[in-house]
Amino acid sequence: MNDGLFVKIKLLLRSRTVPVIFLRRFSYKTIKRATNDFNRVIATSSNGTSYKARFEGDHAAVVKEIHLIDQEDDFFYREVQLLGRLNHRHVVSLTGFSVGQKKFLIFENVENGSLKEHLNDPLRTPLNWRIRLKIAVGVAAALEYLHFFCDPPVYHVSISSNTIMLDENFDAKLSDVGLLGSGSDQVMAWRTSSSNETNGQVYGNIMYQLGLLILELITGQSSEKTGPDLIQWIEESCFPTSMDNMIDPDLGNNYDSRELKGLLAVARFCIKSVDKPNAYNYTPQIYRYLQRKVILSPTEEGIPPILICRRRLPSKRHLLPS
C-alpha cells in the first residue's frame, strides 16, 4: 500500500453492523523521517515509546510505537479498529497507523501538552479555577461516552494528570485509551487475566483514578507523590473543615467554596467506589452532578444541550449529596 493513501480497515469484521472505518496507513520510512530518526521522544514505557512527529505539510502528531510480545497482527488490527471508531471532543483521536516489523499508532497532536506539565511547571501560568472545573467535567464526559455511548463499551482507560492532554482552549482530552493506545504498563496483564475478575477491578480503578485526578486539580499536589496522603485526608470525617487549607496556593482566594465542596464530594465518592464491581454505572451520575454543581452550562462545556438527556441512564440520585 502506497504511503499517504487511506486504507479501508476491514479488520476482522464478523458483524455487518460494525461500520468500516478509514485511517491513513504510514510507511516505516515516513514515520522515521517525521520523528527525526526517532529522536523526538516524549515518553517511554514497557508498552512502547511515544514520539513527537511532524509530517509533510507541517502536520504535527504523536507517534506511539507498540510492543507486542507475540506480535499478533490480529490483536493489533482489532485495537486499531476500536480506537479509530472513537469520536469525542474529550478523547484524543487516532489518525493513522503503521504495520510491519514494527507497529505504530498515530494520534492527533494536542497543543497545550499534559495537565501534569501545567500543574508542576513553575514557569507556566497557573490554571485558574474555571479551567480546572472544565477539565474535571470534560474527563467525566469522556468516561460517560466511553462507557455508555460506545459499542462495545470501552473500559480500557487510564486517568492521571500525565494522560490528560489540554488543547488550545484548555479542554481536556483523554490520551490513554485502549490497550495499545495506552502509555501504561497494563497491556499484557489485561490480555492474560480472566475477563470477569479484570473488569471488576478496572471499573473501580477508573473511579479511583478520577477521584485522585480531582484532588490533584484542587490541591495542585502530584498524586504520584502524595496520593496516600490525599486519600487519607479525603477519607477523614473532619476533611470539610480543612478543605480551604488544601487548596492549591497558586489559586489564592480565586475559587468558589460551594463549587469546591461539590468537587470534593465527587472525589470522595469516586475513591470509595474502588471496590464496587459495577462502578462504571456511576459515570453518568457523576457527569451530571459535576455539571450541576460547578455551573458549567452545556454551551460552555461544548456539548449541544439536546445531547445531554439523549439516553436514559441509570438513576442513582441517592449516591451523591444533592
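Residues numbered from 1 in each chain as written. Predicted model: local features only at pLDDT ≥ 70, side-chain atom pairs only at ≥ 80, totals over all residues. Heavy atoms only, no water.

### Structural notes on the nonpolar core
And then number 1: The biggest cluster of nonpolar side chains holds 78 residues, and the ones touching the most others in it are Ile135 and Ile164.
And then number 2: The element best represented in this core is helix H4 (residues 129–149), accounting for 13 residues.
And then number 3: Apart from the residues lying within four places of it in its own chain, the contact partners of isoleucine 135 are Leu115, Leu127, Ile164, Leu166, Phe170, Ala172 and Leu217.
And then number 4: Core analysis: the second largest hydrophobic core is formed by 11 residues, Phe26, Tyr51, Phe55 and Val63 among them. (Core = buried A, V, L, I, M, F, W, Y, C linked by side-chain atoms within 4.5 Å. Buried < 20%, exposed > 50% of the residue type's maximum accessible area, 1.4 Å probe, protein only. Helix = DSSP H or I, 4+ residues; strand = E, 2+ residues; numbered from the N terminus. Contact = heavy atoms within 4.5 Å.)

### Notes on the side chain of glutamate 216
And then number 1: With respect to the helices, strands and loops of the structure, glutamate 216 is situated in helix H6 (residues 195–219).
And then number 2: Lysine 116 is the oppositely charged side chain nearest to the buried, salt-bridge-free glutamate 216, at an N-O distance of 7.2 Å. (Lys, Arg positive; Asp, Glu negative; His and termini not counted. Salt bridge = Lys/Arg side-chain N within 4 Å of Asp/Glu carboxyl O.)

### Quick notes on the confidence of the model for the chain
And then number 1: Of the residues in the chain, 71% have a pLDDT of 70 or more, and the chain-wide mean is 77.
And then number 2: Predicted confidence for residues 10–20 stays below pLDDT 50, and this span has 15 contacts to residues more than four positions away or in other chains.
And then number 3: Confidence drops under a pLDDT of 50 for residues 297–319, and excluding neighbours within four residues, the segment shows 38 contacts in the predicted structure. (pLDDT = per-residue confidence, 0-100.)

### Section: the pairing of strand E6 (residues 94–98)
And then number 1: Burial analysis of E6 places four of its five residues in the buried class, the great majority of the element.
And then number 2: With four bridges connecting them, E6 and strand E7 (residues 103–108) associate as antiparallel partners. Bridge assignment links leucine 94 to a residue of E7, and that residue is phenylalanine 107.
And then number 3: The hairpin formed by E6 and E7 contains four residues between the paired strands. (Pairing = 2+ DSSP bridges.)

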